[in-house]
Amino acid sequence: RLGSFFNTSEVSGGPLGGDSDYLKSIFSMEWFVPMPLGFVLYSENMYGVLEKIRRNTAVLYGEYFYLGGSGLSYAESLRGYDDGQVGPVTSSSSPIGGRALVKNTLELRFPIAPNPTIFGLFFAEAGNAWEHVWETDPFKLRRSAGVGVRLFMPMVGIIGIDFGYGFDYIN
């Protein structure tokens, strides 16, 4: 496929009732561009916003945006960084979670073997999460780059490993 688009919105409380009143929207675009020699250029851009509908409402911890790591835990992946360590953290490095998210990914995928399907990739990513929406700055992103390999196994799916380097670690 040449490209795709994905957008979600989630409403809690408000006219639906409940203890928590918020609107969470995620806008995501993915593009797959076939290139010569079996190469594929993959691009993903993701933007998220979490806003309270009522001023004095609590939002559950798991609804905030977390960024960093492999994406297998609670955080959205940003390879080259530790889980949840991109964005707002406490003084002891515990993730707080953000109410705004920006993440951009670019991968160049290349075939290694046709059967079983194995492909390698080079990637570059940039992203960040912010505690408040008004703090969002799409030019202050944490960057990373690296390589990876994927194996497609029928009835299991794709499994793989990536090695990434984060350029913007903050002590």
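Going along each chain's sequence as written, the residues are numbered from 1 onward. Selection of residues for local features in this predicted model requires a pLDDT of at least 70, selection of side-chain atom pairs for listing and counting requires 80 or more, and totals for whole chains, interfaces and linings are taken over all residues. Where side-chain values are given, they derive from all heavy atoms of the structure, hydrogens and water being excluded.

Caption draft 1: Region of the structure containing the overall build of the chain. In terms of helices and strands, the chain carries zero helices and seven strands. What counts as a helix is a DSSP run of H or I of at least four residues, what counts as a strand is a run of E of at least two, and both are numbered from the N terminus. Reading the helices (α) and strands (β) of the chain from amino to carboxyl end gives β-β-β-β-β-β-β. For the chain, the spread of C-alpha atoms along the three principal axes comes to 55 × 40 × 30 Å. Between two residues, a contact is recorded if the distance between any of their heavy atoms is within 4.5 Å. A separation of at least 24 residues holds for 53% of the contacts in the chain among residues at least 6 apart in sequence. When the accessible surface of the chain is split by element, carbon and sulfur atoms take 63% of a total near 10,300 Å². Counted as positive: Lys and Arg. Counted as negative: Asp and Glu. His and the chain ends are not counted at all. Charge placement uses NZ in Lys and CZ in Arg. For Asp and Glu, CG and CD serve respectively. When the 13 positive and 17 negative side-chain charges of the chain are each reduced to one mean point, those points stand 2 Å apart. Working definition of accessibility: Shrake-Rupley area with a 1.4 Å probe, residue cover restricted to the visible protein chains.

Caption draft 2: The arrangement of the side chain of Glu63 in detail. Looking at where Glu63 falls in the secondary structure, it is placed in the loop between β3 (40-52) and β4 (100-113). Classification of Glu63 by relative accessible area gives buried; the value is 18%. Any pair of nitrogen or oxygen atoms within 3.5 Å is treated as a polar contact; in protein, a donor-acceptor pairing is required on top of that, and neighbouring residues in sequence qualify only through side-chain atoms on both sides. Within the structure, the side chain of Glu63 is placed 3.3 Å from the side chain of Tyr22, a separation counted as a polar contact. Setting aside residues up to four positions removed in sequence, Glu63 forms contacts with Glu10, Tyr22, Lys24 and Leu50. We call a residue buried when its accessible area falls under 20% of the maximum for its residue type, exposed when it is over 50%, and partly exposed in between, using a 1.4 Å probe and counting protein chains only.

Caption draft 3: Inspection of a nonpolar patch on the surface at higher detail. There is a patch of nonpolar side chains on the surface, built from Ile112, Phe122, Val147, Val149, Ile161 and Phe163 and spanning about 550 Å² of accessible area. Along the chain, Val149 falls in strand β6 (residues 142-153). Residue Val149 is classed as partly exposed on the basis of its relative accessible area of 32%. Put simply, a patch holds well-exposed residues, over 30% relative accessible area, that have no salt bridge, with like charges counted together within 9 Å and Val, Leu, Ile, Met, Phe, Trp or Tyr side chains within 5 Å. The salt bridge criterion pairs a side-chain nitrogen of Lys or Arg with a carboxyl oxygen of Asp or Glu, the two atoms within 4 Å.

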